[in-house]
Amino acid sequence: MRMRKLGNSGLFVSELSFGAMTFGGTDGLWGQVGRLGQEDADLLVKAAFDAGINLFDTANVYANGRSEEILGRSLRNLGIPRDDIVVATKVASAMGEGPNRRGASRGHILAEARASLGRLGLDHIDLYQIHAFDPATPIEETLEALDVLVRAGDVRYVGLSNWAAWQIMKAIGIARARNLAPITSLQAYYTLVGRDLEREIAPLLVSEGVGLMVWSPLAGGYLTGKYAKGNAGDGARQTELDFPPIDRTRGEPLIEVLNTVAARHGRSAAQVAIAWLLRQPVVSTVIIGAKRLDQLRNNVQAVDVHLDDDDMARLDAVSRL
Ligand code: NDP
């Protein structure tokens, strides 16, 4: 597994990372996707680490904190050396009732950082990300709270997730002007079937030296081809939850090309979809969301898929904005 620098920081992350959104039982909004217990989690984390993955991503909101608890326990169960891994988590989604139990205010960030450290069982978070833009809180307040955490040693790097281009640029400018902890990364949705990020965000990230962590690289399983041509499959993600939302009219011809390219290489559609992302210069790491060992083993082999210019042109022609 190759390593890439995360933006302009000195932090090296594996080009594939592991997402723990599926860890944690069945409570809450994320219950439909958060259902793996400790035993499954240990197997997946071990396989990911053994494959060379060093970055593990979770969020306080995943299964109401249980994803963080399970991930932290897996790291301990497996005896993975702390300095060999990068643990990323997030804050901003609702963790309870009331306006102060959500968002990116100073109070909520400081309280939730402490809670995340407790659930993970760690003394620092490597990358702390604001899960979504909070229109109720001035960006200055958010960045100052993050800076407090960095200076205290509770957090090493600061990231954003799902922010619009103007919001990211504003945050970068404020952090620079006030000498606050810099924005190291953005976590955002980017796939062959969802390339909106290329309009404004990708050039912004390249220009400003901010790393990109891609979430839902298979569009929640859609790009494995198993939901193509009106076949809804049996996955909750693509039937009940429909997340991320997918334009199936555009998706169907794309899946045909994806399958053709995959067949040409003797690879799976999932591997080709991930390999295409790895060819994009803006991408620092692609967060794999496998639920089972066979899926994880399949997806990590994407790092050995070498798409040529002809493959890239065919995939581009059927998926470009
Ligand atoms: P994917 O788009 O890769 O979807 C993963 C799902 O696709 C799996 O749960 C599985 O679902 C199916 N799948 C995966 N690999 C294969 C395979 N080889 N063959 C067949 N099916 C496969 O990623 P996720 O949506 O899970 O997101 C990955 C990570 O990104 C999360 O864990 C989280 O860390 C992060 N994330 C961040 C968000 C944010 O707002 N910042 C939002 C969403 C995710 P099934 O078996 O049910 O089909």
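Note that the structure is predicted; figures quoted are calculated from it, not measured.

(A) Broad picture of the confidence of the model for the chain. Of all residues in the chain, 93% attain a pLDDT of 70 or more, and the chain-wide mean is 93. Ranking the elements of the chain by mean pLDDT puts helix α7 (residues 236-241) last with 57 and strand β6 (residues 125-130) first with 99. Both scores are available for the predicted complex, with the pTM at 0.96 and the ipTM at 0.99.

(B) Main features of the sheet that holds strand β10 (residues 285-288). As summarised here, the arrangement of the 8 strands in space is β3-β4-β5-β6-β7-β8-β9-β10, forming a closed barrel in which the pairing is parallel. In this sheet, neighbouring strand axes are inclined to one another by 30° on average, regardless of whether the strands run parallel or antiparallel. Where strand β9 (residues 211-215) lies against β10, 2 bridges are found, and the strand directions are parallel. Considered in β10, the bridge of V214 is made with V286.

(C) Spatial organisation of helix α6 (residues 201-208). Of the residues making up α6, those classed as buried are I201, A202, L204, L205 and E208. Summarising the axial view, the buried residues of α6 lie within an arc of 165°, below the 170-degree limit, and thus occupy one face. The exposed set on the far side of α6, more than 90 degrees from its buried face, consists of V206 and S207. Those residues of α6 hidden inside the fold are in contact with α5 (165-177), β8 (183-189) and β9. Phi turns positive, to about 70°, at G209, one or two residues after α6.

(D) A look at the environment of M169. Turning to its location among the elements, M169 is positioned in helix α5. Owing to a relative accessible area of 32%, M169 belongs among the partly exposed residues under this scheme. Separated by 35 residues in sequence, M169 and L204 have C-alpha atoms that sit 7.7 Å apart. Discounting residues that sit within four places of it in the chain, M169 has contacts with R176, L204 and E208.

(E) Main features of the packing of α5 against α6. Contact geometry of α5 with α6 gives a least axis separation of 9 Å together with a crossing angle of 20°. Here α5 is positioned roughly parallel relative to α6, judged by the angle of their axes. Taken as a pair, α5 and α6 cross one another with a handedness that is left-handed. Judged by residue contacts, A165, I168, M169, I172 and R176 of α5 engage I201, L204 and E208 from α6. The residue makeup of the contact of α5 with α6, split by class, is 6 nonpolar, no polar and 2 charged.

(F) The arrangement of the pairing of β9 in detail. β9 sits mainly inside the fold: 5 of its 5 residues count as buried. Residues G211, M213 and W215 line one face of β9 and the alternating positions L212 and V214 line the opposite face, and both faces are buried. With 5 bridges joining them, β8 and β9 adopt parallel strand pairing. Counted as the bridge partner of L186 is L212 from β9. Since β8 and β9 lie parallel, the crossover through α6 that links them has a hand, and here it is right-handed.

(G) Looking closely at the nonpolar core. Counting 105 residues, the largest nonpolar core has F23, L186, L212 and L223 as the members making the most contacts within it. Looking at which element gives the most residues to this core, the answer is helix α9 (residues 269-278), with 9 residues. Formed by 5 residues, the second largest nonpolar core is a distinct cluster that contains M21, A59, V61 and M95.

How each quantity is defined
- Residues numbered from 1 in each chain as written.
- Predicted model: local features only at pLDDT ≥ 70, side-chain atom pairs only at ≥ 80, totals over all residues.
- Heavy atoms only, no water.
- pLDDT = per-residue confidence, 0-100.
- Helix = DSSP H or I, 4+ residues; strand = E, 2+ residues; numbered from the N terminus.
- Pairing = 2+ DSSP bridges.
- Axes fitted to C-alpha atoms, helices over the stretch in contact; angles between N-to-C directions.
- Buried < 20%, exposed > 50% of the residue type's maximum accessible area, 1.4 Å probe, protein only.
- Arc of directions from axis to C-beta.
- Contact = heavy atoms within 4.5 Å.
- Parallel < 35°, antiparallel > 145°, perpendicular 65-115°, else oblique.
- Left-handed = near helix turned anticlockwise from the far one by under 90°.
- Nonpolar A, V, L, I, M, F, W, Y, C, P; charged D, E, K, R; others polar.
- Right-handed = clockwise from strand over helix to strand, strands pointing away.
- Core = buried A, V, L, I, M, F, W, Y, C linked by side-chain atoms within 4.5 Å.

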